[in-house]
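What follows is the residue order along each chain.
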Amino acid sequence: MHLFVKFCNMKDFFIENKFLVLLWGITILGLFIFVGHYSGILIDFGREVYYPQEILNGKILYKDLFNIYGPLAYQFNAVLYKIFGIKLSTLYGAGIFTSLLTVSGIYLIAQKFLSKFLSFAIGFFTIAIGVTATSIFNFHFPYSWAVMYGLTAFLYSLYFLLKYWDEKNTKNLYLSSFLAGIAITCKYDFLLYALIVFAISAKEKNWKAIVSFFIAPILS
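Numbering of residues starts from 1 in every chain and runs along the sequence as written. Totals for whole chains, interfaces and linings use all residues, but because this is a predicted model, local features are given only for residues with pLDDT of at least 70 and pairs of side-chain atoms are given and counted only at 80 or more. Values shown for side chains rest on all heavy atoms present in the structure; no hydrogens or waters enter the calculation.

1. Structural notes on a nonpolar patch on the surface
To keep it simple, the criterion reads: Grouping into patches uses exposed residues only, defined as over 30% relative accessible area, and leaves out salt-bridged ones; the cut-off is 9 Å for like charges and 5 Å for nonpolar side chains (Val, Leu, Ile, Met, Phe, Trp, Tyr). Note on areas: these come from Shrake-Rupley sampling with a 1.4 Å probe, and a residue is covered only by the protein chains present in the view. The working definition used for a salt bridge is a side-chain nitrogen of Lys or Arg within 4 Å of a carboxyl oxygen of Asp or Glu. Helix numbering and strand numbering both begin at the N terminus, where a helix is a DSSP run of H or I of at least 4 residues and a strand a DSSP run of E of at least 2.
A cluster of nonpolar side chains, namely F113, L114, F117, L118 and I122, defines an oily patch on the protein surface of about 500 Å² accessible area. Along the chain, F117 turns up in helix α7 (residues 116-130).

2. Quick notes on the packing of aromatic side chains
The condition that has to hold: Aromatic pairing here means that ring centres of Phe, Tyr or Trp (its six-membered ring) are within 6.5 Å. Orientation follows from the plane angle: under 30 degrees is stacked, over 60 is edge-to-face, and everything else is tilted. We call a residue buried when its accessible area falls under 20% of the maximum for its residue type, exposed when it is over 50%, and partly exposed in between, using a 1.4 Å probe and counting protein chains only. Consider the ring centre and the ring normal. A charge sits over the ring if Lys NZ or Arg CZ is within 6 Å of that centre and within 35 degrees of that normal.
For the structure shown, the criterion picks out 16 aromatic pairs. Centre to centre, the rings of F19 and F120 are 5.6 Å apart; their planes meet at 45°, and the pair counts as tilted. Separated by 101 residues along the polypeptide, F19 in helix α2 (residues 18-34) and F120 in helix α7 bring together distant segments of the chain. The exposure class of F120 is buried, given its relative accessible area of 13%. Residues W145 and Y149 carry aromatic rings whose centres are separated by 5.2 Å and whose planes lie at 35° to one another, so their mutual orientation is tilted. Note that W145 and Y149 are positioned in helix α8 (residues 145-167) at a spacing of four residues, about one turn of the helix. One exposure class covers both W145 and Y149, and it is buried. Taken together through their ring pairs, the aromatic side chains of F76, Y92, F141, W145 and Y149 make up a single cluster. It is R47 that lies over the ring of Y143; its NZ or CZ is 5.0 Å from the centre. Note that K168 overlies the ring of Y164, its terminal NZ or CZ placed 5.4 Å from the centroid.

None of the figures reported here should be taken as evidence of function without further support.
Quick look at the structure:
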């Protein structure tokens, strides 16, 4: 009986979110075809492969490794290297995951303002320019992981902020603040947005959200 209930719940989820599930399927198909099909990996963005390895070897960002981005993306990829091994497939795996998250995040945000079909169309366009691209500017092996991780954190921070305004559930504000902190720790360009989230948390006198905002920058 328990398994039957779980099956029914999953069936309801797929029916309710058929456009999102379809986007997942198209994204996975695009990743299967296009991952690894690009040129100049060592010339154009070898830094993204090299820096996490050097962090594991004891090198320090900004001191030993010149860097114009935030530190968190390289630190996170260094952790992935430590767990899964120093190889391109480790970064490919991270790229597959972030591709799915990015397409899903854009769809979920669009759905707050548009119909499901138009949100699907925007998601499909996102796949066309970000997943199926064989240039260095794609989601699954980006020119800068700081941009990709920062973008993913920004999208879900915005999504939870919108949910907070709709539902007034403070947990959504905690999540939005935490993800905003991750975004700026990856890429400083998200600072203006992050300050808006911080200002909302301060105005609401939500100290847990304020603390959440500083977790990623302090730990990084």
